Amino acid sequence: MTDSTEQYDVIIIGSGFSGLYALYHLRDKMGLKVRAFDGAGGVGGTWWYNRYPGARVDAPSSPFYAYTFSKELVDEWEWKETQTPQAAVLAYLEHFAERFDLLKDIRFETWVTSAEYNEEAQRWTIQTDAGKTASAQFLICAVGALFVANMPDYPGIDDFTGECYHTGRWPHDKVSFAGKRVGVIGTGSSGIQSIPEIAKEAEHVTVFQRTPQYSLPARNRPLPADELAAYRAEWDELRMSMCKRGGWPFETKRRYASEASAEERHAVYEELWETGGIHLLINSYAGVMVDKDLNEEVSEFVRGKIREIVEDPVTAEKLMPDYYIGTKRMILDNGYFETYNRDNVSLVDLHENPIAKFTESSVHTKSSEHPIDMLVLATGFDAVSGSMLNLNPKGRGGISLEEKWGGRFDNYLGATIAGYPNLFMIHGPGSPGVFFTMPLGAERTVDWIANCISYLSENGLGSAEATQDAEASWDREINAIADATLYPETNSWYMGANIPGKPRQFLGHLRGSQYFDRLTEVAEKDYEGFVLEPARIRGASA
Ligand code: NA7
């Protein structure tokens, strides 16, 4: 550490939903000295990067994918559609940052290149690619669950000389597809949202599909002013409901499949398909993610819909998913399956016809050549753990996270790691992050971190560090929840299965409401599962 080292109470990495709220809360509500860093050129996190055509929030509807803590903010922001488009989410976050005067405390276009814990000082020291060194008692990693792009490693892919874009790193300038032959690899949310938009403009779109997906109609529509007003009028109840229902604001129907005939169940599925959104999964019958027979019935219903929509039966069969619906991240679309009825869209099933290589201007599969002008990689992310490993902090004894997480992403409460005192993750492995409405989840996690920081300060403590025993019991706790469901049956990014060589481990906590109760319980038990060390240096505690 040098004299020029900037000193803070808290350093935050990232300025998406989580990082911005952390900066606001810790600085303005707690009076701490806080600095945030972000490699991006502006606020927004995932919404800054994912500018691909068709990018939208996909659950639950506006205005619930937004901050919930400030009624004034809820009242003043006008949401225009039920499924907010990327540009509108970004505009909202820019507004938030300006409204609360956050920009002056964020360093943009500044990557944190190292983060190291100093055991003596009980502080973190970070270095940036701008040559700055900064130190803080607490390090909050708001680095995003879906940030590190998964780049496929096909032979010759670097030889391709046409335009090439990953959906998670989309250019800021408008990309024109007009007159172009576009190849899209990947049919997750990003592929399924972007393919219909690209097809409207491109000369031809060839979709290279590794795994067929279930997708439900989003039924995006303008959000009428009176509907928004009704949400505002009942905001406190709706927020409470989100806290109780895993981030979902509305009452869900309590229906049991065993009490209905097959015809009655089918009628319910039809009604919820027409309603659109995620309703088919959460509002049909209890236990869809647990009961194999029920799940298979819902899965088959959706397969039937795909057969109905897609006119060419050969293409329809290639689009048929065969795993339990919902066990890969559920997708909401605006006309995805219908897109295959266009003359300018074709589908390559990579299971029967795998990609062999790329050349300057073509994709060669086992049995065909596809000349393309542009390649769109909708191939997803090294999800949840990848962004923490990208940061690769060094904890006690200089142990890097890469070493610690070589075989398993051990953590406590999805927010802390043994060996990494005073480091907090938001939406890390073991948290409900990607299973809960993320802005609300971020608020509640930050509130808990803030309370922990206050507790340390009030009690003359310098550090909090999870124990390895606490990590082991947390691992058992979250796996017991996941193992009681169908999620582990499927190769998904929830299981780390999309990245070659990544340890297989369920990467989240499936019961968000229960999770936040557990956080409260740990705090009420004076941070059970943590070793709390006295502050070594007078006044070191924030
Ligand atoms: P996803 O959901 O991980 O989807 C990535 C897609 O790319 C998926 O269809 C993958 O197939 C496919 N993929 C990945 N690697 C390859 C290679 N090497 N070859 C062919 N196909 C490949 O990422 P998204 O960006 O769509 O969505 C991420 C989240 O963002 C989403 O869940 C929402 O939360 C928002 P696979 O299914 O793995 O076989």
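Treat the numbers as computed from the prediction; the structure is a model and nothing was measured.

**Some details on the domain arrangement of the protein**
Accessible area lost on assembly of the parts is the figure often given for the size of an interface. For the protein, the assigned domains read domain 1 (6-148 + 383-534) and domain 2 (151-211 + 338-380). Here the C-alpha centre of domain 2 lies 33 Å away from the C-alpha centre of domain 1. Between domain 1 and domain 2, the contact holds 14 residues from the first and 15 residues from the second. Roughly 1200 Å² of surface becomes buried between domain 1 and domain 2 when both sides are summed, with 49% attributable to carbon and sulfur atoms. Its largest share of buried area at the contact with domain 2, domain 1 owes to Arg-51, Tyr-52 and Pro-53, together 49% of the area lost on that side. Across the domain 1-domain 2 interface, the total number found is 0 salt bridges. Of the residues belonging to the side of domain 1 that touches domain 2, the class tally is 7 nonpolar, 4 polar and 3 charged.

**A short note on the sheet that holds strand β14 (residues 362-365)**
Taken in spatial order, the 3 strands of this open sheet run β13-β14-β15, and their pairing is antiparallel. Of all strands in the sheet, those with a lone pairing partner are β13 (355-358) and β15 (369-371), marking the two edges. Each adjacent strand pair in this sheet contributes to an overall mean axis angle of 20°, direction not counted. As paired strands, β13 and β14 are joined by 3 bridges and run antiparallel to one another.

**Considering the environment of Cys-141**
With respect to the helices and strands, the residue Cys-141 is situated in strand β6 (residues 133-141). Beyond its immediate chain neighbours, meaning those up to four positions away, Cys-141 contacts Ile-13, Met-388, Leu-391, Leu-423, Phe-424, Met-425 and Ile-426.

**Observations concerning the site of the ligand**
In the vicinity of the ligand, 20 residues are found, and the nearest of them are Tyr-154, Ser-190, Thr-211, Lys-328 and Arg-329. Between the ligand and the protein, one listed contact pairs an oxygen atom with a backbone N or O atom of Gly-188 at 3.4 Å. Within the complex, the protein chains bury 87% of what would otherwise be the 770 Å² of accessible surface of the ligand.

About the cut-offs
- Numbering of residues begins from 1 in every chain and follows the order in which that chain's sequence is written.
- Reporting in this predicted model follows two pLDDT cut-offs: at least 70 for local features of residues, and 80 or more for side-chain atom pairs to be given and counted; totals over whole chains, interfaces and linings ignore these cut-offs and use all residues.
- Excluded from the side-chain calculation are hydrogens and water; included are all heavy atoms of the structure.
- Domain start and stop points were drawn from an automatic or database domain assignment.
- In what follows, a contact means two residues having at least one pair of non-hydrogen atoms within 4.5 Å.
- Throughout, the accessible surface (probe 1.4 Å) given up by two parts as they are put together, summed over both, is called the buried area.
- Salt bridges are defined by distance alone: a side-chain nitrogen of Lys or Arg within 4 Å of a carboxyl oxygen of Asp or Glu.
- As a working rule, the residues Ala, Val, Leu, Ile, Met, Phe, Trp, Tyr, Cys and Pro are called nonpolar, Asp, Glu, Lys and Arg charged, and the rest polar, with Gly in that last group.
- Any two strands with at least two DSSP bridges between them are considered paired.
- Helix and strand assignments follow DSSP, with helices taken as H or I runs no shorter than four residues and strands as E runs no shorter than two, numbered in order from the N terminus.
- Between the N-to-C directions of two axes lies an angle of 0 to 180 degrees, each axis being a line fitted to C-alpha atoms and, for a helix, fitted only over the stretch in contact.
- We call a residue near a molecule or strand whenever a single non-hydrogen atom of that residue lies within 4 Å of it.
- Any pair of nitrogen or oxygen atoms within 3.5 Å is treated as a polar contact; in protein, a donor-acceptor pairing is required on top of that, and neighbouring residues in sequence qualify only through side-chain atoms on both sides.
- Shrake-Rupley sampling with a 1.4 Å probe provides the accessible areas, and residues are treated as covered by the protein chains on show and by no other component.

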